[in-house]
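As a plain string of letters, each chain reads:
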Amino acid sequence: MSQASLEELIVDGRTNAALSWLLVVAIALIGLGEFVTGGILWATFAVALVALALLPPIAVRSWEAMIPWEVLLLAALPVLGLALGSDRLTGHVASYLSVATIALVFAVELQTFTTVRMTSSFAVIFVAVTTMAAAALWALFRWSTAGLLGVPFPTDHDAVMWEFVYSTVTGLGAGIVFELYFRRLGRHEQCRPPDEMAAAEDTNA
């Protein structure tokens, strides 16, 4: 079954760009609010997410070149959850789903803007492994800064282990979803008329 290349996740369209830019502004405002109120960790998370979202339009020099808004929405779930006061959106599953999505965006931008090359199948493996690694690094970071910044960290060993279980399951699940997403993009590409595909190739050139 045909699969889309990673570069095809950089969408060039006004509707997608408008929605993505709205999300970027919302993430930036929420991150600024967290910084003002002392939420350093979430403010840092928001800054990193905004930087990843802005890389394509800056590199391509086009405001329309943005990652799909639904992908950006998944990545921003915990940040938006802070603004909405939703515990579900800031919980373990949503947080690690966000990390998995950020890993996918990172893989796409590596493929698009550097000499790194990877298949979509390898990218979903990269997503799963990166999510698990991020869980371990996040736990280590919170533990090391708990005393300095007052960041909450569970003292129960089982609670930490369950976080690793959540990250593993979420990372593998996200990898499967992204694999299906790539296949859907591949089918969509096959269904496009030949003249439209040729026009798209001329535009990319």
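Just so we're clear, the structure is a prediction, and the values are computed from it rather than from any experiment. (Residues numbered from 1 in each chain as written. Predicted model: local features only at pLDDT ≥ 70, side-chain atom pairs only at ≥ 80, totals over all residues. Heavy atoms only, no water.)

**Here we look at the overall build of the chain**
And then number 1: Counting its secondary structure elements, the chain contains eight helices and two strands.
And then number 2: Its helices and strands taken in sequence order, the chain reads β-α-α-β-α-α-α-α-α-α from the N to the C terminus.
And then number 3: When each of the 205 residues of the chain is scored for burial, the buried share is 39%.
And then number 4: Nonlocal contacts in the chain, meaning residues at least 24 apart in sequence, comprise 74% of its contacts between residues at least 6 apart.
And then number 5: Surface accessibility of the chain: about 11400 Å² in total, with carbon and sulfur atoms responsible for 69%. (Helix = DSSP H or I, 4+ residues; strand = E, 2+ residues; numbered from the N terminus. Buried < 20%, exposed > 50% of the residue type's maximum accessible area, 1.4 Å probe, protein only. Contact = heavy atoms within 4.5 Å. Areas by Shrake-Rupley, 256 points an atom, 1.4 Å probe, with all protein chains shown as cover.)

**Points about the packing of aromatic side chains**
And then number 1: Using the criterion set out here, one finds two aromatic pairs in the structure.
And then number 2: Their ring planes at 75° and their centres at 5.5 Å tell us that W42 and F45 sit as a pair that is edge-to-face. Of this pair, W42 and F45 both sit in helix 2 (residues 40-60), three residues apart, which is roughly one turn of that helix.
And then number 3: Between F106 and F126 the ring centres are 6.4 Å apart and the planes differ by 20°, which places this aromatic pair in the stacked class. Note that F106 is positioned in helix 5 (residues 92-113) and F126 in helix 6 (residues 120-149), a separation of 20 residues in sequence.
And then number 4: Looking at F126, the relative accessible area reads 21%, which means it is partly exposed. (Phe/Tyr/Trp six-rings, centres within 6.5 Å; stacked < 30°, edge-to-face > 60°.)

**Focus: helix 4 (residues 77-84)**
And then number 1: What helix 4 keeps buried is the set L77, P78, V79, L80 and G81.
And then number 2: At the C-terminal side of helix 4, G85 shows a positive phi close to 70°.

**Section: a nonpolar patch on the surface**
And then number 1: Where nonpolar side chains cluster on the molecular surface, the patch consists of V93, W162, V165, Y166 and V169 and spans about 480 Å² of accessible area.
And then number 2: Here the element with the most residues in the nonpolar patch is helix 7 (residues 157-191); it accounts for four residues.
And then number 3: Secondary-structure assignment places V93 in helix 5. (Patch = residues over 30% accessible without salt bridge, like charges linked within 9 Å, V, L, I, M, F, W, Y side chains within 5 Å. Salt bridge = Lys/Arg side-chain N within 4 Å of Asp/Glu carboxyl O.)

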